Amino acid sequence: EDQVTQSPEALRLQEGESSSLNCSYTVSGLRGLFWYRQDPGKGPEFLFTLYSAGEEKEKERLKATLTKKESFLHITAPKPEDSATYLCAVQALVGTGGFKTIFGAGTRLFVKA
Amino acid sequence: DSGVTQTPKHLITATGQRVTLRCSPRSGDLSVYWYQQSLDQGLQFLIQYYNGEERAKGNILERFSAQQFPDLHSELNLSSLELGDSALYFCASSVPRAGGISTDTQYFGPGTRLTVL
């Protein structure tokens with residue numbers, strides 16, 4: 001069964017304290033893995049797409065990496081404004097040109113000043 | 001701002017009623033996806049349309065239906081509403097790739113919060 005598991009469920013950091021969020025997945029025919037940031041009551045905001053093992057992408061204080069079984073979102077020297085829920089999702093092709101996207105439950109990040 | 005718009009922002013209705021949620025994708029995007037997000041379920045994929053045609057189905061109930069119109073906007077119809085249907089409903093759109101198959105990256109709208117009393 002296709003599944004995405006994110007850990008930890010919640011993470012509390014001091015400002016400047018670097019850490020990593022984990023996303024482990026099982027899916028048939030992976031087309032891509034995505035990271036989104038979601039603030040309370042808002043729509044998910046796109047961060048990264050990763051397509052193949054070994055790929056890395058960076059944006060400001062965030063860096064996403066991908067292996068065959070999991071992905072990491074590294075946060076370097078976080079600031080309070082990085083506080084949000086970070087969602088991981090995997091996508092597989094279904095039927096003729098359709099995409100099935102499975103989201104993890106998310107990691108709630110709290111960064112204290 | 002992702003460029004995806006959804007209306008209404010909030011909707012309060014009673015059990016047994018029917019509602020329609022509307023989504024306008026980003027300019028140029030041909031694919032529209034619908035998701036439900038409730039506190040205990042996380043973000044659940046409901047259905048995908050591409051240029052007016054249904055392309056993929058997820059955990060969409062039979063009481064729910066969707067369509068995409070020629071101008072590419074989409075509507076999600078929810079009928080015989082139950083208390084458990086209360087949730088945030090998101091629409092997302094994605095960029096078409098050469099060959100007519102949408103790419104993966106989805107851009108989400110701000111959502112419609114549905115409350116069923």
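As the structure is a computational prediction, the values presented were derived from the model and not from experiment.

Asks: Would you mind going over the overall build of chain A with me for this structure?
Replies: Counting its secondary structure elements, chain A contains zero helices and eleven strands. Secondary structure of chain A in N-to-C order comes out as β-β-β-β-β-β-β-β-β-β-β. Sequence separation of 24 or more characterises 54% of the internal contacts of chain A that already satisfy a separation of 6 or more. In the structure as shown, chain A presents an accessible area of about 5,600 Å², 48% of it carried by carbon and sulfur atoms.

Asks: Would you take a moment to explain the nonpolar core for this structure?
Replies: Nonpolar side chains in soluble globular proteins tend to end up buried together. Residue and element names in this part refer to chain A. Core analysis: the largest hydrophobic core is formed by 25 residues, its most contacted members being Leu 33, Trp 35, Leu 73 and Tyr 86. Only strand 2 (10-14), strand 3 (19-26), strand 4 (30-38), strand 5 (45-50), strand 7 (62-66), strand 8 (70-75), strand 9 (84-94) and strand 11 (107-112) provide two or more residues apiece to this core. It is strand 9 that provides the largest number of residues to this core, a total of five residues. The contact partners of Leu 73, leaving out residues within four places of it in the chain, are Ser 19, Ser 20, Leu 21, Trp 35, Phe 48, Leu 62, Lys 63, Ala 64 and Tyr 86.

Asks: What should I look at first to understand the sheet that holds strand 8 (residues 74-78) of chain B in this one?
Replies: Pairing between the strands of a sheet comes from backbone hydrogen bonds, and it takes one of two forms, parallel or antiparallel. Residue and element names in this part refer to chain B. Taken in spatial order, the four strands line up as 1-3-8-7 in an open sheet, and their pairing is antiparallel. Pairing within the sheet leaves two strands with one partner each, and these edge strands are strand 1 (5-7) and strand 7 (64-68). On average, adjacent strands in this sheet sit at an angle of 15° to one another, irrespective of strand direction. Sheet topology note: the strand 3 (residues 19-24)/strand 8 ladder contains five bridges and is antiparallel. Opposite Cys 23, over in strand 8, you have Ser 74 as the bridge partner.

Asks: I keep staring at the interface of chain A and chain B and nothing clicks. Help me out?
Replies: The accessible area lost on association of the parts is a frequent measure of interface size. With 21 residues of chain A at the contact, the number on the chain B side is 22 residues. Buried area between chain A and chain B, both sides added, is near 1,600 Å², and the carbon and sulfur share of it is 53%. Among the residues of chain A in contact with chain B, Pro 44, Phe 99 and Phe 103 of chain A are the three that bury the most area, contributing 29% of the side total. In this assembly, chain A and chain B are joined by zero salt bridges. Along the contact surface separating chain A from chain B lie five residue pairs in polar contact (both at pLDDT 80 or more). Top contributing element to the side of chain A that touches chain B by residue count: strand 10 (residues 98-103) of chain A, with five residues. A per-class count over the side of chain A that touches chain B returns nine nonpolar, nine polar and three charged.

Asks: Teacher, can you tell me more about the pairing of strand 11 of chain A here?
Replies: Taken residue by residue, a regular strand's side chains alternate between the two faces of the sheet. Residue and element names in this part refer to chain A. Burial of the side chains of strand 11 is restricted to one face: Thr 107, Leu 109 and Val 111 are buried, whereas none of Arg 108, Phe 110 and Lys 112 on the reverse face is. One ladder, built from five bridges, connects strand 2 with strand 11; its direction is parallel. By the bridge assignment for strand 11, Ala 10 is matched with Arg 108. Pairing of strand 9 with strand 11 involves three bridges; the strand directions are antiparallel. Counted as the bridge partner of Ala 84 is Leu 109 from strand 11.

Asks: Got a minute to help me understand unusual backbone geometry in this structure?
Replies: Ser 7 of chain A connects to Pro 8 of chain A through a cis peptide bond whose omega is -10°. Topologically, Pro 8 of chain A is positioned in the loop between strand 1 (3-7) and strand 2. With an omega of -10°, the peptide bond between Thr 7 of chain B and Pro 8 of chain B qualifies as cis. Inspection of the secondary structure assignment puts Pro 8 of chain B in the loop between strand 1 and strand 2 (10-13). Phi angles above zero are rare outside glycine, and Leu 72 of chain B is one such case at about 80°. With respect to the element layout, Leu 72 of chain B can be found in the loop between strand 7 and strand 8.

Cut-offs used in this document
- Residues numbered from 1 in each chain as written.
- Chains lettered and ligands numbered in written order.
- Predicted model: local features only at pLDDT ≥ 70, side-chain atom pairs only at ≥ 80, totals over all residues.
- Heavy atoms only, no water.
- Helix = DSSP H or I, 4+ residues; strand = E, 2+ residues; numbered from the N terminus.
- Contact = heavy atoms within 4.5 Å.
- Areas by Shrake-Rupley, 256 points an atom, 1.4 Å probe, with all protein chains shown as cover.
- Core = buried A, V, L, I, M, F, W, Y, C linked by side-chain atoms within 4.5 Å.
- Buried < 20%, exposed > 50% of the residue type's maximum accessible area, 1.4 Å probe, protein only.
- Pairing = 2+ DSSP bridges.
- Axes fitted to C-alpha atoms, helices over the stretch in contact; angles between N-to-C directions.
- Buried area = accessible area lost by both parts, 1.4 Å probe.
- Salt bridge = Lys/Arg side-chain N within 4 Å of Asp/Glu carboxyl O.
- Polar contact = N/O pair within 3.5 Å; in protein donor to acceptor, adjacent residues only side chain to side chain.
- Nonpolar A, V, L, I, M, F, W, Y, C, P; charged D, E, K, R; others polar.

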